[in-house]
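Below are the chains, spelled out letter by letter.
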Amino acid sequence: MTRADLSAAQGQLFDPAEQAGGAALALEDGAVVLRACAVDEAPALLEAIEQVTQAAPLRQMTTARGWRMSVAMSNCGAAGWLSDHSGYRYDAVDPLTGRAWPAMPEVFASLARRAAAAAGFANFEPDACLINQYAPGARLSLHQDRNEQDFDAPIVSVSLGVPASFLWGGSLRSERPRRVRLDHGDIVVWGGPARLNFHGIDPLRDDHHPLTGNLRLNLTFRRALLRR
Ligand code: MD3
Ligand code: FE
């Protein structure tokens with residue numbers, strides 16, 4: 001991803017011309033899509049995912065209500081996101097292995113930092129990277145991300161493999177979400193007012209991508225713990 005690539009690809013996720021009225025504009029403030037910006041890095045990212053998930057295997061977590069999630073997950077970095085019978089939280093230790101989560105690969109951290117900077121967030125230092133793997137039919141129902149201690153830091157997401165239909169809601173669950181396609185190599189930076197919006201992923205279509213087969217992988221970079 002070069003500087004020129006970035007400025008060419010940078011744009012608002014939702015074209016203001018597509019908005020029905022002016023009222024919703026402020027909610028979309030802070031959601032920036034960098035289309036195809038991770039395409040060149042994708043093979044290296046997938047290689048690093050392979051390394052991380054050899055040490056911390058992908059697994060389907062359980063919710064507090066006892067449902068098994070359809071998305072398989074793992075983490076790298078100082079803090080890893082977890083769901084189990086006691087709820088959602090971040091922890092330094094992988095409960096499956098009893099060891100610390102693998103370190104964040106440099107190729108991850110540098111891409112997340114550059115993407116955040118391109119979207120106007122200087123000095124983003126993620127301490128958590130959640131790896132989500134979607135097989136056909138896997139989905140993420142509408143939710144907010146509020147387990148982090150620092151809501152001022154953005155979230156950077158990188159989509160790899162089979163395209164997904166992303167659900168983008170408002171600050172209330174009751175607002176009907178709109179759908180946005182996220183393709184291989186797309187990076188989205190979510191910050192500011194958009195940080196606490198409801199969002200999700202429609203069931204993955206049975207599709208094929210040359211680098212991932214029928215899978216979609218998503219990397220989500222966050223600041224989970226407050227900075228010293
Ligand atoms: C907007 N992951 O892991 S990434 C998640 O594609 C999650 O796997 C989806 O939602 C995925 O929590 C979506 C894009 C994303 C991530 C976090 C957000 C969008 C967000 C937090 C606030 C607003
Ligand atoms: Fe989320």
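## Focus: the overall build of the protein chain
Tallying secondary structure elements over the protein chain gives four helices and 13 strands in all. For the protein chain, the residues scored as buried account for 40% of the 228 residues in total. Considering only intrachain contacts with a sequence separation of at least 6, the fraction spanning at least 24 residues in the protein chain is 76%.

## Some words on the environment of Val-107
Secondary-structure assignment places Val-107 in helix α4 (residues 106–118). Using a count of 13 C-beta atoms within 10 Å as the deciding quantity, one classes Val-107 as partly exposed. In this structure the C-alpha to C-alpha distance between Val-107 and Ala-48, which are 59 residues apart in sequence, comes to 7.9 Å.

## Examining the sheet that holds strand β10 (residues 178–182)
The strand order across the open sheet formed by four strands is β7-β12-β9-β10, and the pairing between neighbours is antiparallel. Two strands in the sheet have a free side with no partner beyond their single neighbour: β7 (140–143) and β10. Here the average twist between neighbouring strands, direction ignored, is 20°. Of the pairings in the sheet, the one linking β7 to strand β12 (residues 199–201) comprises two bridges and is antiparallel in character. Residue pairing across strands places Leu-140 opposite Ile-201, the latter belonging to β12.

## Structural notes on the site of ligand 1
Taken together, 15 residues form the shell around ligand 1, and within it Asn-132, Asp-145, Ser-157, Trp-190 and Asn-218 come nearest. Secondary structure elements with two or more residues in the shell around ligand 1: β6 (128–134), β8 (155–161), β11 (187–190), β12 and β13 (216–222). Taken together, the residues of the shell around ligand 1 sort by class into seven nonpolar, six polar and two charged.

## Points about the nonpolar core
Formed by 58 residues in total, the largest nonpolar core has its most connected members in Ala-115, Cys-129, Ile-187 and Val-189. In terms of residues, this core owes the most to one element, α4, which gives six residues. Look past the residues within four positions of Ala-115 in its chain and what remains in contact with it is Leu-34, Cys-37, Val-156, Ile-187 and Val-189.

## Digging into the pairing of strand β4 (residues 80–84)
Pairing of β4 with strand β5 (residues 87–91), which is carried by five bridges, proceeds in the antiparallel orientation. In the sheet register, Asp-84 faces β5, and the bridge partner there is Gly-87. What sits between β4 and β5 in their antiparallel hairpin is a turn of two residues.

## With respect to the confidence of the model for the protein chain
Averaged over all residues, the pLDDT of the protein chain is 89; the fraction at 70 or higher stands at 88%. Of all secondary-structure elements in the protein chain, the lowest mean pLDDT belongs to helix α2 (residues 25–28), at 38, while β6 reaches the highest, 99. In this model, residues 15–27 is a region of pLDDT below 50 whose contacts with residues beyond four sequence positions or in other chains number 10 contacts.

## Description of the environment of Phe-198
As for its position among the elements, Phe-198 is in the loop between β11 and β12. Residues Phe-198 and Leu-167, spaced 31 residues apart in sequence, show a C-alpha to C-alpha distance of 8.3 Å. Sequence-distant contacts of Phe-198, defined by excluding residues within four places in its chain, comprise Leu-142, His-143, Gln-144, Gly-169, Gly-170, Arg-173 and Pro-177.

Here is what the cut-offs are and how they apply
Residues numbered from 1 in each chain as written. Chains lettered and ligands numbered in written order. Predicted model: local features only at pLDDT ≥ 70, side-chain atom pairs only at ≥ 80, totals over all residues. Helix = DSSP H or I, 4+ residues; strand = E, 2+ residues; numbered from the N terminus. Buried ≥ 20, exposed ≤ 12 C-beta atoms within 10 Å, placed from the backbone. Contact = placed C-beta atoms within 7 Å. Pairing = 2+ DSSP bridges. Axes fitted to C-alpha atoms, helices over the stretch in contact; angles between N-to-C directions. Near = placed C-beta within 6 Å. Nonpolar A, V, L, I, M, F, W, Y, C, P; charged D, E, K, R; others polar. Core = buried A, V, L, I, M, F, W, Y, C linked by C-beta atoms within 7 Å. pLDDT = per-residue confidence, 0-100.

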